[in-house]
Protein chains: 4
Amino acid sequence: MSNQELEELRSKLDEINLKLLELLNERAEIAQLIGHLKTKQGMVKFDPVREREMLNELVKHNRGPFDDNTVRHLFKQIFKASLELQEENKNKQLLVSRKRHPEDTIVMVGDTPVGKEPIMIAGPCSVESEEQVNTVAKVLVDQGVKLIRGGAFKPRTSPYDFQGLGIEGLKILRRVADRYGLKVVSEIVNPADIEMATEYVDVIQIGARNMQNFELLKAAGQVKTPVLLKRGLAATIEELLFAAEYIVSRGNSQVILVERGIRTYEKWTRNTLDILAVPILKQESHLPVLVDISHSAGRKDIAIPIAKAALAAGADGIMVEVHPDPSVALSDANQQLNLEEFTNLMSALQLPVTSSTVK
Amino acid sequence: MSNQELEELRSKLDEINLKLLELLNERAEIAQLIGHLKTKQGMVKFDPVREREMLNELVKHNRGPFDDNTVRHLFKQIFKASLELQEENKNKQLLVSRKRHPEDTIVMVGDTPVGKEPIMIAGPCSVESEEQVNTVAKVLVDQGVKLIRGGAFKPRTSPYDFQGLGIEGLKILRRVADRYGLKVVSEIVNPADIEMATEYVDVIQIGARNMQNFELLKAAGQVKTPVLLKRGLAATIEELLFAAEYIVSRGNSQVILVERGIRTYEKWTRNTLDILAVPILKQESHLPVLVDISHSAGRKDIAIPIAKAALAAGADGIMVEVHPDPSVALSDANQQLNLEEFTNLMSALQLPVTSSTVK
Amino acid sequence: MSNQELEELRSKLDEINLKLLELLNERAEIAQLIGHLKTKQGMVKFDPVREREMLNELVKHNRGPFDDNTVRHLFKQIFKASLELQEENKNKQLLVSRKRHPEDTIVMVGDTPVGKEPIMIAGPCSVESEEQVNTVAKVLVDQGVKLIRGGAFKPRTSPYDFQGLGIEGLKILRRVADRYGLKVVSEIVNPADIEMATEYVDVIQIGARNMQNFELLKAAGQVKTPVLLKRGLAATIEELLFAAEYIVSRGNSQVILVERGIRTYEKWTRNTLDILAVPILKQESHLPVLVDISHSAGRKDIAIPIAKAALAAGADGIMVEVHPDPSVALSDANQQLNLEEFTNLMSALQLPVTSSTVK
Amino acid sequence: MSNQELEELRSKLDEINLKLLELLNERAEIAQLIGHLKTKQGMVKFDPVREREMLNELVKHNRGPFDDNTVRHLFKQIFKASLELQEENKNKQLLVSRKRHPEDTIVMVGDTPVGKEPIMIAGPCSVESEEQVNTVAKVLVDQGVKLIRGGAFKPRTSPYDFQGLGIEGLKILRRVADRYGLKVVSEIVNPADIEMATEYVDVIQIGARNMQNFELLKAAGQVKTPVLLKRGLAATIEELLFAAEYIVSRGNSQVILVERGIRTYEKWTRNTLDILAVPILKQESHLPVLVDISHSAGRKDIAIPIAKAALAAGADGIMVEVHPDPSVALSDANQQLNLEEFTNLMSALQLPVTSSTVK
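Residues numbered from 1 in each chain as written. Chains lettered and ligands numbered in written order. Predicted model: local features only at pLDDT ≥ 70, side-chain atom pairs only at ≥ 80, totals over all residues. Heavy atoms only, no water.

This brings us to the domain arrangement of chain A. When its domains are assigned, chain A resolves into domain 1 (3-92) and domain 2 (107-349). The straight-line distance from the C-alpha centre of domain 1 of chain A to that of domain 2 of chain A is 47 Å. (Domains from an automatic or database assignment.)

Following the UniProt record, one finds the feature "coiled-coil region" (unreviewed entry) at residues 6-33 of chain A. Structurally, residues 6-33 of chain A is divided into 100% helix and 0% strand, and its ends, taken at the C-alpha atoms, are 41 Å apart. (UniProt positions renumbered as here; feature names shortened; annotations may be inferred. Helix = DSSP H or I, 4+ residues; strand = E, 2+ residues; numbered from the N terminus.)

Turning to the confidence of the model for chain A, a few remarks are in order. For chain A, per-residue confidence averages 90 on the pLDDT scale, and 93% of positions sit at 70 or higher. Low pLDDT, under 50, characterises residues 355-359 of chain A; the stretch is placed with six contacts to residues that sit more than four places away or in other chains. (pLDDT = per-residue confidence, 0-100. Contact = heavy atoms within 4.5 Å.)

Turning our eyes to something else, we now look at the relation of the copies chain C and chain A. In the superposition of chain C on chain A (RMSD 0.2 Å, axial shift 0.1 Å), the rotation amounts to 180°. The two molecules are tied by a two-fold rotation axis, judged by turn and shift. In terms of C-alpha distance to the rotation axis, chain C has alanine 309 of chain C as its closest residue, with the C-alpha 2.1 Å off the axis. The fraction of interface residues of chain C whose copies in chain A are also interface residues reaches 100%, indicating that both copies meet through the same surface. (Least-squares fit on C-alpha atoms with pLDDT ≥ 70 in both.)

With that out of the way, let us pick up helix α13 (residues 339-349) of chain C. Two residues of an α-helix separated by three or four positions point the same way, owing to the 3.6 residues in each turn. Residue and element names in this part refer to chain C. What α13 keeps buried is the set Leu339, Phe342, Leu345, Met346 and Leu349. The buried residues of α13 occupy an angular sector of 115° when the element is viewed end-on, so they sit on one face. Immediately downstream of α13, the backbone of glutamine 350 shows phi near 45°, a positive value. (Buried < 20%, exposed > 50% of the residue type's maximum accessible area, 1.4 Å probe, protein only. Arc of directions from axis to C-beta.)

Turning next to the sheet that holds strand β6 (residues 203-206) of chain B. Residue and element names in this part refer to chain B. Strand order in the closed barrel formed by eight strands is β3-β4-β5-β6-β7-β8-β9-β10, with parallel pairing between adjacent strands. Pairwise comparison of adjacent strand axes, ignoring direction, gives a mean angle of 25° for this sheet. Sheet topology note: the strand β7 (residues 227-230)/strand β8 (residues 255-259) ladder contains four bridges and is parallel. Directly across from lysine 230, in β8, lies its bridge partner valine 258. Sheet contacts for helix α6 (residues 167-180): β4 (147-149) and β5 (183-187); angle to β5, the most-contacted strand, approximately 165°. (Pairing = 2+ DSSP bridges. Axes fitted to C-alpha atoms, helices over the stretch in contact; angles between N-to-C directions.)

This part is about the interface of chain C and chain A. Reports of interface size often rely on the accessible area that becomes lost once the parts have come together. Contact residues are listed per partner, giving 36 residues for chain C and 36 residues for chain A. Around 2900 Å² of area is buried between chain C and chain A when both sides are counted, 72% of it from carbon and sulfur atoms. Looking only at chain C, the three residues that lose the most surface to chain A are Tyr265, Trp268 and Leu276 of chain C, adding up to 26% of its buried area. Connecting chain C to chain A are two salt bridges. A salt bridge links glutamate 266 of chain C to arginine 231 of chain A, with the nearest nitrogen and oxygen atoms 2.9 Å apart. (Buried area = accessible area lost by both parts, 1.4 Å probe. Salt bridge = Lys/Arg side-chain N within 4 Å of Asp/Glu carboxyl O.)

Here threonine 225 of chain A lies in the loop between α8 (214-220) and β7 (227-230). Other than its neighbours up to four places away in sequence, threonine 225 of chain A contacts Thr198, Val201, Asp202, Val203, Ile204 and Asn252 of chain A.

All names here are of chain C. For the pair helix α5 (residues 130-142) and helix α6 (residues 167-180), the least separation of the axes is 10 Å and the interaxial angle reads 35°. As for how α5 packs across α6, the hand of that crossing is right-handed. In contact with Glu130, Val133, Asn134, Ala137, Lys138 and Val141 of α5, α6 contributes Ile172, Leu173, Arg175, Val176, Arg179 and Tyr180. (Left-handed = near helix turned anticlockwise from the far one by under 90°.)

Here the focus is the sheet that holds strand β3 (residues 119-123) of chain A. Residues and elements named next belong to chain A. The sheet built from eight strands closes into a barrel, its strands ordered β3-β4-β5-β6-β7-β8-β9-β10 with parallel pairing. When the angles between neighbouring strand axes are averaged without regard to direction, this sheet yields 25°. Against the sheet, helix α5 (residues 130-142) makes contact with β3 and β4 (147-149), and its axis sits at roughly 150° relative to β4, the strand it touches most. On top of the sheet, helix α6 (residues 167-180) reaches β4 and β5 (183-187); it is set at about 165° to β5, its chief contact.

Take the interface of chain A and chain B next. If you look at the interface, chain A gives 57 residues, while chain B gives 57 residues. Here chain A meets chain B over a buried area of about 5500 Å², counting both sides, of which 72% is carbon and sulfur. Linking chain A with chain B are two salt bridges. A salt bridge links arginine 63 of chain A to glutamate 29 of chain B, with the shortest nitrogen-to-oxygen separation between them at 3.3 Å. At the surface where chain A touches chain B, the tally comes to 12 residue pairs in polar contact (both at pLDDT 80 or more). Residue assignment for the side of chain A that touches chain B shows that the elements contributing at least two residues are α1 (2-41), α2 (48-61) and α3 (68-86) of chain A. The element best represented in the side of chain A that touches chain B is α1 of chain A, accounting for 30 residues. The residue inventory of the side of chain A that touches chain B, partitioned by class, reads 27 nonpolar, 14 polar and 16 charged. (Polar contact = N/O pair within 3.5 Å; in protein donor to acceptor, adjacent residues only side chain to side chain. Nonpolar A, V, L, I, M, F, W, Y, C, P; charged D, E, K, R; others polar.)

What follows covers the relation of the copies chain A and chain B. Least-squares fitting of chain A to chain B yields an RMSD of 0.2 Å, with the transformation described by 0.1 Å of translation along the axis and a rotation of 180°. In this assembly the copies share their binding face: 100% of the residues contributing to the interface of chain A also contribute to that of chain B.

With an omega dihedral of 5°, the bond running from glycine 64 of chain B to proline 65 of chain B counts as a cis peptide bond. Here proline 65 of chain B is to be found in the loop between α2 (48-61) and α3 (68-86). Look at glutamine 350 of chain A: it is not a glycine, yet its phi comes out positive at around 45°. Its location among the elements puts glutamine 350 of chain A in the loop between α13 (339-349) and α14 (355-358).

Right, let's talk about helix α5 (residues 130-142) of chain D for a bit. All names here are of chain D. For α5, spanning 13 residues, the distance from its first C-alpha to its last is 18 Å, which sits close to the expected 18 Å at 1.5 Å a residue. By the burial criterion, the buried members of α5 are Gln132, Val133, Asn134, Val136, Ala137, Val139 and Leu140. Buried-residue contacts for α5 involve β3 (119-123), β4 (147-149), α6 (167-180) and α13 (339-349). Downstream of α5 by a residue or two, glycine 144 has a phi angle that is positive, lying close to 80°. (Expected span 1.5 Å × (residues − 1).)

The next subject is the pattern of salt bridges. All names here are of chain D. All chains considered together, the criterion is met by 73 salt bridges over all chains. Note that glutamate 57 and lysine 60 form a salt bridge whose closest N and O atoms lie 3.6 Å from each other. Remark: lysine 60 and glutamate 57 occur in helix α2 (residues 48-61); sequence separation between them is three residues, near one turn of the helix. In this structure, aspartate 316 engages lysine 282 in a salt bridge whose closest nitrogen and oxygen atoms are separated by 2.7 Å. Note that aspartate 316 is positioned in the loop between α12 (303-312) and β10 (317-321) and lysine 282 in helix α10 (residues 277-284), a separation of 34 residues in sequence. Look at lysine 282 and you get buried, because its relative accessible area is 16%.

Spelled out as structure tokens, the structure:
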């Protein structure tokens, strides 16, 4: 008997569900009309005062059994859904989102496509001398690597640490790269330097400490040079995507994302490589995703398994620091590979020869 | 003209809002009836299969503009609110919650009320000898402290570190405490030892590493001895409350919560004291809240300002490690106060003399 | 001229270096002799009082230019090195360390070797019914999987969540496993249950929340059944190794380590999978290392790339939650694969057929 | 007998200790001479190649019982101590360090001393209109507050969020502040704007996201306007001090440090206020230290206990967000106090009336 009772109550619920659905969609339509009106009049769509008034009105009429907080909660969800409808979904709308742009973005650096076959970006942490860069460049060419990285402007924790050679470093990189047919990736740290940098570098790197330096992001969005954007050291995946959106929304769609480890309590590694971020970024965004294996681990003894894991997770390439003699490097001595270790890494990975290589 | 249009649309919205409210509350009533029926029949209230069927049905009838995911989301919120109504709100229902029990719980340890005026719990990290405990106890009595702490069962990261004197340690604590009219706080780590421990200790401590050792919590819930429960080293505030609920729901309502720092990336302190947890715990729960200043900071040079901050934030007392000669301690040498430092701390805090003291 | 001066000073330094080296080794020899004497007499080797006396004596004689703190620091390093020599190096000495035991440990579970070719452990989060386990088991057998997992004792944050079927759950697992020739992996949470559990399970799982439940570790060390030990949710890699040492040092060398993600600020995943831990654990220890892809990500949409990354990083296998109908599961509904998703994962991974399978 | 043997060995150790001490100090003197020589010749003091050669030489001559790694470790410690002596201790040398400058720095903002008696800085998260700022300013004046804060340049996670009124916002702040005799604190985000900002603001705020925007720090170091520097959201205490050093080393010694919470896994607060950082910063540095109670907690219900805790921990003041109607604020609606809540906070804190107020 009580089962019958249960069934009756359930079919009443089902009826109400459908009525609710109808009303919700009716409400959504009106909200859309309001949104269109507001767009015409240049008004912002989110109106918290009006929302509060509606909530007050609802609470005033609430006779239960839902308590006022539950009513407020449910209607806030409804308001939010309606607003998202007006805005055609904030996430859907992000230019960096795969919902907006389902195909992979391929960033061309010279004739090397980033976002297609896995690539390698390698070079010294800091540019120290032309000889040093030259030595590394030769090995890169031998290994079929097309992109050289090197720091000329170094963001350093202490003002007394080596701050890089500055523009002189960029010039060294350019000369060596041209000599060997390589492309240059180098970090820029001042919005005022972005314009200048485009003369010397093929890819502007924005480092982890500057991931939310929005002025720098905006400046990078106003040039046409590809941008390699590293995840901040305690940035969420979502914040990385928003940072990329700053660049893309200013007009520069050539952005490469880099997972480089996040700060955690673990002490045996410099950072914790967030490998889960790789497939999530690939799924949420159409931009290429690289993994920096030097800054994440901060130790080179596990370079090979980590690089393999990154590629297996779907990364579009690897960044690694290589130095002719890491023990005398002016920065990051412990994490840079020497030339032999780099050659071993390349053998272990067996990256595909890119189409541009076979030309 | 368009303002008029806007106003019209808005009053339509308002109407729909009220209709929605009515339907939602009607739905909630039916859900309550179903809940009562289920209770009678001993059925679980949450029925995911039925939920899925309802969602499928709704999506089948959805004609937009809300997309199917939004419909699913909104109805899940509605289902959840209805379920919570059936369960009379999970959080409200927690026995440790202030919503359930608005008055402060005062845990009586002997004649010392914990949860009223700020108290001090002090003593060595590990019980090493009767002489050691005796030396500390004398100073505690001089300072008006009523509760002595000391570790007999020590959970240590390495199996080769000093593991404590075990039951012999408890006996030493008991003898010394009885000699000086003190009450004993000591950690128990095995559910099988809880019963035995009640013979020797006045407060059973459950340490950070065991905060989610649910068997230990259940065992502690089955005795009448007060329990001092430390927050796990990466536990959320909510998880601490749920851990306390394990104890209280088994019948032991005498629980004292302890914030003792959480694990973060910061290297200059052993842990990061989550001072925000203190007022939040006091607000969410009726249980007393202490702050362990030794394990949080892991350094004693800032003991005084931290203890002051904890009390200012609303803590019901302080826990601190005191050792006659910290540099030779068998554990935690760096963070234990010596007797003079402890005396200085007591002078700095000027804790009120509890009513029991003046008897 | 000053270059010559520099050279002279440098050769003086070189001389002193060699004298220091000689003295340090002479000191080390004497320290070793003292260590032998102490061993004979059953004395503990570390004597903090003596150390303090030596430091006081040194500081008394210090005439600079090193300040007293530097002298203390340098001699503490020397004392520590001497002590480690006496103890033959704490790390070298860990039974779980590869320095102590260079060959891989292969844990035999029935005739399945864990630590050789990559394996798969799969099954429902919670055992809910014999029918449920049976359905999963059939698919496992089809896919060549040898080990079934399922929770009978569930450590749950809230005391009001489903706590598992307990011993009844173990019996279901055993019956189904025997029917299909599978081996059972299941979590035990109470030291008092370990003995009983060996009747039903082939591998005792110790969960993340219990990684530092040292009483449970000790109990697991006293049986012969293999133990699968998960990393705690904020445990360091070193702490995981020490936890394993608790088990191995009690006599049970059959331990399998599991990386299952650590707690960080990132919100788009349940935990952050610490992929770097995999090659580090393989390097530091001889024990097999698995990756739990369900608890780390907490979302199943990235199961395939994550499993691939884990194997590429050197993991000896994967653990994954599989449920015939995840949406109605009594726990962890969002992260369990359904049967089809699991079949797809197996196809994507193409695990080698183990020797035992071809028999 | 063996005790006698032990005593003999120990006195041999004591002799060697003293010889080692003598040699170490002799070595330190020579290292100092080398340092002086290098200073004269403008050479960098740290010479990793020379260090490696010395280590190689030592290992070549090592005959044990210390193994080569231990020898390397011990001598690296010795080299490091010698180098620190040459550099007169890196930390001692930091301009922001209390070792270098033992007296408290008092930053004068108008006639309000920051770093003496506790002060309050309050105002809206974003400047929205002159009316809004005016309303807040009136309440500040009533409450004896001297410094108003307000965001004109807002660093926002999404490019589509309200980015602030820019220079127009600064002008509003200036006009209102002048009207009420207040001083203005406002965030600047672009190095190119620092110069301009000094016309409108009395204190340049550098926000958490820009704590390691070294170009911005350098620019702020080149003006005379006081700088309020917030700790980065995952910055260590040490990194905050180094960031301050960037400013001070460029010539601007008027820096105020702000603890504003760090990013952790805890979900019930926006950030975790690192209260331990307050006494540590006060101890390590001579700069004033404030606590931002709005951004740390991200919830205003615990504003009073948190502000009290901050002052008890030794903070030189509090920063808080106040808005005439937080629910309609364009940013951070949940964490801003309304005017009544702010008045209650001021009553609860009973800040001392600063000397400047009584004039």
